[in-house]
Amino acid sequence: MFLLDDWFSGADISERKKMVFLTVSELGPEDTSRNIIEIIFQSSWLKKQSPVCAVDRILKVHNAPATLARFEAYRDAVKARARGGRPGAGRCTADGNELLRFHCAALSCSLGAGGATHLCDAASSSCAACGIVRDGFKFRAPGVRTMATSGRAHDDAVAVGGEEGEGGEGERRRAMLVCRVIAGRVKRRCEGTAEEAEASPSAEEEEYDSVAGTAGVYSSLDELEVLNPTAILPCFVVVYKA
Ligand SMILES: [Zn+2]
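By convention here, each chain's residues receive numbers from 1 onward along its written sequence. Two thresholds apply to this predicted model, a pLDDT of at least 70 for residue-level local features and 80 or more for giving and counting side-chain atom pairs, whereas whole-chain, interface and lining totals are computed over all residues. Hydrogens are left out, water is left out, and the side-chain values use all remaining heavy atoms of the structure.

If you look the protein chain up in an unreviewed UniProt entry, it shows as Poly [ADP-ribose] polymerase from Triticum turgidum subsp. durum.

Novice: Is there a simple way to think about the coordination of the zinc ion in this case?
Specialist: Each donor-metal-donor angle in an ideal tetrahedron of four donors is 109.5 degrees, and each such angle in an ideal octahedron of six donors is either 90 or 180 degrees. Note: metal donors comprise N, O and S atoms at 2.8 Å or less from the metal (3.2 Å for Na, K and Ca); water molecules are not included, so apparent gaps in a site are possible. Coordination of the zinc ion by the protein comes from C109 (SG), C120 (SG), C127 (SG) and C130 (SG), over a distance range of 2.2 to 2.3 Å. With four donor atoms in place around the zinc ion and angles of 105 to 117 degrees between them, the coordination shape is tetrahedral. In primary sequence terms, the donor set of the zinc ion follows C-x10-C-x6-C-x2-C. Classification of residues uses two cut-offs on accessible area relative to the type maximum, computed with a 1.4 Å probe and protein chains only: under 20% is buried, over 50% is exposed, and between them is partly exposed. What makes C127 buried here is its relative accessible area of 2%. Four donors are marked tetrahedral only if all angles between them lie between 85 and 135 degrees, whereas four are marked square planar and six octahedral if opposite donors are more than 155 degrees apart and the other angles lie between 65 and 115; the remainder are marked irregular.

Novice: Is there a simple way to explain unusual backbone geometry in this structure?
Specialist: When glycine is set aside, most residues are seen to have a negative phi, and most peptide bonds are trans. At the junction of A141 and P142, the peptide bond is cis and its omega measures out at 0 degrees in the coordinates. Every helix listed is a DSSP run of H or I at least four residues long, and every strand listed is a run of E at least two residues long, numbered separately from the N terminus. Among the structural elements, P142 can be located in the loop between α7 (128–135) and β4 (144–147).

Novice: Help me out: how do you make sense of the pattern of salt bridges in this one?
Specialist: Working definition: two side chains of opposite charge can pair if their charged atoms are close together. Salt bridge, as applied in this entry: a Lys or Arg side-chain nitrogen positioned within 4 Å of an Asp or Glu carboxyl oxygen. As enumerated under the stated definition, the model contains 15 salt bridges in all. The salt bridge involving R91 is made with D95; its shortest N-O contact spans 3.1 Å. Taken together, the positions of R91 and D95, both in helix α5 (residues 90–95) and four residues apart, correspond to about one turn of that helix. Using a relative accessible area of 40% as the deciding quantity, one classes R91 as partly exposed. In this structure, the salt-bridge partner of E225 is R145, at a minimum N-O distance of 3.1 Å. One end of the pair, E225, is in strand β8 (residues 223–226); the other, R145, is in strand β4, with 80 residues separating them in the sequence. Overall, E225 belongs to the buried group, its relative accessible area being 4%. R145 gets classed as partly exposed once you look at its relative accessible area, which sits at 26%. The structure contains a network of salt bridges with shared partners spanning R145, R152, D156, D222, E223 and E225.

Novice: Help me out: how do you make sense of the confidence of the model for the protein chain in this one?
Specialist: Any region with low pLDDT has predicted coordinates that should not be read closely. Counting all residues, the mean pLDDT for the protein chain is 80, and 72% of those residues have values of 70 or more. Scored below 50 in pLDDT, residues 1–11 shows 22 contacts in the model against residues more than four places distant or in partner chains. As a per-residue measure, pLDDT reflects the predictor's confidence and takes values from 0 up to 100. Residue contacts are defined here by distance: any two heavy atoms, one from each residue, within 4.5 Å place the two residues in contact. Below pLDDT 50 for its whole length, residues 191–204 participates in seven contacts with residues either more than four positions away or in separate chains.

Novice: Could you clarify how one ought to interpret α7 in this entry?
Specialist: Three or four residues apart is the spacing at which side chains of an α-helix point the same way, because the helix has 3.6 residues per turn. Of all eight residues in α7, six are buried; the element is thus mostly enclosed. Of the residues making up α7, those classed as buried are A129, C130, G131, I132, V133 and R134. Where α7 terminates, the next one or two residues include G136, which has phi positive at roughly 85 degrees.

Novice: Whenever I open this one, the packing of aromatic side chains confuses me. Can you help?
Specialist: Centre distance within 6.5 Å is the pairing criterion for rings of Phe, Tyr and Trp, where only the six-membered ring of Trp is used; planes under 30 degrees apart are then read as stacked, over 60 as edge-to-face, and the remainder as tilted. In total, this model carries three aromatic pairs according to the counting rule given. Taking the centre distance of 5.6 Å and the plane angle of 40 degrees together, the rings of F41 and W45 count as tilted. Just as F41 is buried, W45 falls in that class too. Ring geometry for F41 versus Y240: centroids 5.2 Å apart, planes at 55 degrees, classification tilted. With F41 in helix α3 (residues 32–43) and Y240 in strand β9 (residues 232–241), the pair connects residues that are 199 residues apart, well separated along the chain. Note on accessibility: F41 and Y240 belong to one class, buried. Taken together, the ring pairs connect F41, W45 and Y240 into an aromatic cluster.

Novice: I would appreciate a short explanation of the nonpolar core in the present structure.
Specialist: General note: in soluble globular proteins, nonpolar side chains tend to be found buried as a group. We define a nonpolar core as any set of buried Ala, Val, Leu, Ile, Met, Phe, Trp, Tyr and Cys residues linked to one another through side-chain atoms lying within 4.5 Å. F41, M176 and V238 are the most contacted members of the largest nonpolar core, which has 56 residues in total. Filtering out sequence-adjacent residues up to four positions away, M176 remains in contact with F41, W45, F102, H103, C104, S150, A153, H154, F236, V237, V238 and Y240.

Novice: Got a minute to help me understand α3 in this structure?
Specialist: Taking 1.5 Å of rise per residue, twelve residues should cover 16 Å, and α3 covers 17 Å from first to last C-alpha, within 8% of that figure. Inspection of α3 places R34, I37 and F41 among the buried residues, and these make up the whole buried set. Down the axis of α3, the sector holding all buried residues measures 70 degrees, keeping them to one side. Within α3, the exposed residues directed more than 90 degrees away from the buried face are T32, I39 and S43. Looking at the packing, one finds that the buried side of α3 touches β2 (54–61), β3 (98–106), α8 (150–161), β5 (173–182) and β9. By definition here, a helix of n residues has an expected span of 1.5 Å times n minus one. Directions drawn from the helix axis to the C-beta atoms are what define this arc.

Written as structure tokens, this is what we have:
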């Protein structure tokens, strides 16, 4: 809602609908970025012993200019704060510590099916994927969860959604959002890490922009909770079955 409001202001309903329909487009097999996204998605689908997921469609998200502007403004703010001289701010001063992250969202409409690229009325259908693409991420304490790998994001969504058992082993369409994230300064949650020890003890209210979960098997940033939803820009939607 808040992300597209400025963009839509002044637009009448039919114009508004048209713009919504243009929010995603399908990437065809000849598209270079389709191949890249598929490789990134498949190669980070780790540890899946049983049936590998099947990519159905890959959609590109056309973010509104206002959304992109807000994302870049957020990056500038992170960089400006980093230049304030806090220790270990290297990546932050360069690009705000931008990372490619995954977020798996429930898909309860036919987005992607048969090439469909219109977003459903997410509000009434509780379709998380369309809601995020259209309105952006919403803050939910302690932050928006993003994962370093598609496999982990999938597992996380299944666990959170409590979907195990529902429909048995039947295949289910899901949406993996491939996102650009300005991670900024990352706080490590795991107790007693080197990073925490480094922090100046006097700075009780140390500022940070995202929180990493306990070190995982894949990398220390396996799990990252992003405190400000503006820091996350969904760029591609991989519709898959698993
Ligand atoms: Zn939907």
